[in-house]
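Structure at a glance
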Amino acid sequence: MAKRLFGTNGVRGVVNDDMTSELGLRLGKAIGEFFGGTVAIASDTRVSGDMIKSAVSAGLMAMGCRVLDLGVIPTPAIQYFVKTHNHVSGGVMITASHNPPEFNGIKCIAPDGTELHRSDEEQIEKKYEEDVPCKPWSEVGTRDEVLGAADSYVDAVVSLVDSETIRAANLVAVLDCANGAAYYTAPLLLSKLNVRAITLNANPQGEFPGHPSEPTEDNLAILIETIKHTKADIGIAHDGDADRTVFITEKGEFISGDKSLALMAEMAVSKKGGGKIVTPVSSSSMVEDVVVKAGGEVIYTAVGSPVVARKMIDTDAIFGGEENGGLIFPDMQYCRDGAMTAAKMLEYIADKGSLQERIDALPVYFTDKRKLECPAEMRESLMEHLKKLNAARTTDSTDGLKIIYPDGWVLLRPSGTEQIFRIYSEAKDTETAEKRGAYYEGIVKDFLNSYKI
Ligand code: MG
């Protein structure tokens, strides 16, 4: 089998170290051979975006592809473009999402706009390893710049929310684009929805100088502070490629992804009077509590947005998403969509009022998260050991091992791509969540130590 290049979110690396123009060119050829025909390409705001995009584009053209360069746009905007243009056979997004500025990445998009299947990535990896021969000189492809993909994307989002209600609410939002790909689309979206935007980090110069582009509470300290001083109704923050969105309440409380997932799920189920919601086993039980109460049903999957999207298609789900702020709205497309998430949350508060009050009304759970080093070759035997140990308990093996308690759960899960073992423990109080997390950390450590040479 060919060497694995694609991780959970495309091929990533440090620019001019392991993410080089040579890699871009050769991978571009492999992608071009795989897709053929017309291929869309775009990038986020990283300084290396043009270099990697040019290298991949050259590879695509060497294989005879017509390249459509959409410029700097969010990942969901190129996904929407690929989905809505039937003559486009696939897409390539140059992004490393929330990673630091020295990173960049190459991510492939299937003809329907979804993230490429792993089996298709394997085919591309095989072609990369073979270093496929180029087409004859007379068959090389061309490159065109295509303007307007960002505007069409924003228009589509506006058309899929209750824009009249949002416009009438005269909302004020503090918007943090992390100097990433949302720098143009996010302010445009808010202006089309008559939301007054106070923008932070909306400069596309590519160096991410404002703060690291992972939208965590620590990284959003200035956004949180700004909300407290502006009487804004909401804070909205995107990650580097704007497929994810996190929110801050009008009081300045950072909202965890589980909570916004729960609110959006509740809204979807209430509007449709029922329906299926898809989320990974790692999501808080709070989601299931509100969904069941509203008359819906939760379907659990393994961790990872492509798995969630696939399950949504298969089960005709009305909404889905992950606890990291990546939410999927099937009316728009089957992928994480930062602008849709922002617009839907604006619709929610335009309709319901104070976001803080809605957050305070959610069921309360506490989560204890731990991360241990675990050699890849130990994963299987460790999981066997944990399964044996918990044979008498109620468990779920959708992804790793989830042990169900009457008042919570513990998820034990090795990472598929890194030498890491994760322990998530959720309970109704902090002490119980921590106690169970610590208990399993001890068990995992003892097991790994006992096998150390
Ligand atoms: Mg992202």
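Residues numbered from 1 in each chain as written. Predicted model: local features only at pLDDT ≥ 70, side-chain atom pairs only at ≥ 80, totals over all residues. Heavy atoms only, no water.

Time to look at the packing of aromatic side chains. A ring pair, where both rings are aromatic, is described by two values, the distance of the centres and the angle of the planes. Following the criterion strictly, the structure yields 3 aromatic pairs and no others. Ring centres of tyrosine 439 and tyrosine 440 lie 4.9 Å apart, and the angle between their planes is 80°; on these two criteria the pair is classed as edge-to-face. Judged by relative accessible area, which is 45%, tyrosine 439 ranks as partly exposed. Positioned above the aromatic ring of tyrosine 424 is the side chain of lysine 369, whose terminal nitrogen or guanidinium carbon lies 4.8 Å from the ring centre. Looking at lysine 402, its charged tip hangs above the ring of tyrosine 300, at a distance of 4.8 Å from the centre. (Phe/Tyr/Trp six-rings, centres within 6.5 Å; stacked < 30°, edge-to-face > 60°. Buried < 20%, exposed > 50% of the residue type's maximum accessible area, 1.4 Å probe, protein only. Lys NZ or Arg CZ within 6 Å of the ring centre and 35° of its normal.)

With that settled, the discussion passes to the pattern of salt bridges. Applying the stated rule across the entire model yields 27 salt bridges. As a salt-bridge pair, lysine 192 and aspartate 155 come within 2.7 Å of each other at their nearest N and O atoms. Taken together, the residues lysine 192 in helix H7 (residues 182-192) and aspartate 155 in helix H5 (residues 149-159) connect sequence positions 37 residues apart. Overall, aspartate 155 belongs to the partly exposed group, its relative accessible area being 38%. For lysine 369, the salt bridge is made with glutamate 323, and the minimal N-O distance between the two is 3.2 Å. In this pair, lysine 369 is assigned in strand S16 (residues 366-373) and glutamate 323 in the loop between strand S14 (319-321) and strand S15 (327-328), connecting sequence segments 46 residues apart. Here lysine 369 falls in the partly exposed class, since its relative accessible area comes to 48%. Through salt bridges with shared partners, a single ionic network connects Lys53, Asp69, Arg143 and Glu145. (Salt bridge = Lys/Arg side-chain N within 4 Å of Asp/Glu carboxyl O. Helix = DSSP H or I, 4+ residues; strand = E, 2+ residues; numbered from the N terminus.)

This paragraph deals with unusual backbone geometry. Here asparagine 194, not a glycine, exhibits a phi torsion of approximately 55°, which is positive. Within the element layout of this structure, asparagine 194 appears in the loop between H7 and strand S8 (196-200). In this structure, asparagine 201 is a non-glycine residue whose phi angle is positive, near 50°. Tracing the chain through its elements places asparagine 201 in the loop between S8 and helix H8 (221-230).

What follows covers the coordination of the magnesium ion. Within the protein, Ser97 (OG), Asp239 (OD), Asp241 (OD) and Asp243 (OD) serve as the donor atoms for the magnesium ion, at 2.0 to 2.2 Å. Each donor residue of the magnesium ion lies on the same chain, and together they follow the pattern S-x141-D-x1-D-x1-D. A single burial state applies to aspartate 241 and to aspartate 243, both of which are buried. (Donors = N, O, S within 2.8 Å, 3.2 Å for Na, K, Ca; no water.)

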